[in-house]
Amino acid sequence: MAVSPKLLEILRCPECVRESDDAGELTLVKGVWLVCQTCERKYPIRDDIPVMLIDEGTRWQNTPVAALPDTPPEPAS
Ligand SMILES: [Zn+2]
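About the thresholds
Residues numbered from 1 in each chain as written. Predicted model: local features only at pLDDT ≥ 70, side-chain atom pairs only at ≥ 80, totals over all residues. Heavy atoms only, no water. Phe/Tyr/Trp six-rings, centres within 6.5 Å; stacked < 30°, edge-to-face > 60°. Helix = DSSP H or I, 4+ residues; strand = E, 2+ residues; numbered from the N terminus. Buried < 20%, exposed > 50% of the residue type's maximum accessible area, 1.4 Å probe, protein only. Donors = N, O, S within 2.8 Å, 3.2 Å for Na, K, Ca; no water. Tetrahedral: all angles 85-135°; square planar, octahedral: opposite > 155°, others 65-115°. Contact = heavy atoms within 4.5 Å. Pairing = 2+ DSSP bridges.

1. Brief notes about the packing of aromatic side chains
- Applying the stated criterion across every chain yields a total of one aromatic pair.
- Between Trp33 and Trp60 the ring centres are 4.9 Å apart and the planes differ by 65°, which places this aromatic pair in the edge-to-face class. Here Trp33, found in strand 2 (residues 33-36), pairs with Trp60, found in the segment after helix 2 (54-59); they are 27 residues apart in sequence, far enough to count as distant.
- With a relative accessible area of 11%, Trp60 lands in the buried category.

2. Remarks on the coordination of the zinc ion
- Taken together, the protein ligands of the zinc ion are Cys13 (SG), Cys16 (SG), Cys36 (SG) and Cys39 (SG), with distances of 2.3 Å.
- Given four donor atoms and angles of 104 to 113° at the metal, the environment of the zinc ion is assigned as tetrahedral.

3. With respect to the environment of Val32
- By secondary structure assignment, the location of Val32 is in the loop between strand 1 (26-29) and strand 2.
- Judged by relative accessible area, which is 17%, Val32 ranks as buried.
- In sequence terms Val32 and Thr63 are 31 residues apart; their C-alpha atoms lie 15 Å from each other.
- When neighbours within four sequence positions are excluded, Val32 is seen to be in contact with Tyr43, Pro44, Ile45, Asp70, Thr71 and Pro72.

4. Here's the deal with the sheet that holds strand 4 (residues 49-50)
- What the four strands build is an open sheet, ordered 1-2-3-4; its pairing is antiparallel. Both outer strands of the open sheet, strand 1 and strand 4, are each paired with one neighbouring strand and no more.
- Two elements, strand 3 (residues 42-46) and strand 4, share two bridges in a ladder whose sense is antiparallel. What sits directly across from Ile45, in strand 4, is Pro50.

5. Some words on the pairing of strand 3
- Buried residues dominate strand 3, accounting for five of its five residues.
- Alternating positions in strand 3 separate into two faces, Lys42, Pro44 and Arg46 on one and Tyr43 and Ile45 on the other, with burial throughout.
- Across three bridges, strand 2 lies against strand 3 in antiparallel orientation. Within strand 3, the residue paired with Trp33 across the bridge is Pro44.
- Linkage of strand 3 to strand 4, two consecutive antiparallel strands, is achieved through a turn of two residues, within which Asp47 is found at a positive phi near 50°.

See below:
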């Protein structure tokens with residue numbers, strides 16, 4: 001069961017949404033990443049649950065979409 005389109009519609013990048021309600025729209029990539037259209041942070045979806053943590057998104061901010069792994073790695077410990 002993938003993340004529902006309804007959920008994706010309301011989810012926003014937690015960093016960008018602080019600036020503006022219209023910012024931080026997310027695009028689903030490879031079925032397991034949510035890429036912020038505003039800041040390019042990338043949030044992994046683990047076990048169908050989007051991990052909307054700014055630290056996690058920042059970890060992948062400078063990784064090109066094409067270079068994202070097909071399955072999100074385990075969280076940094
Ligand atoms: Zn953002």
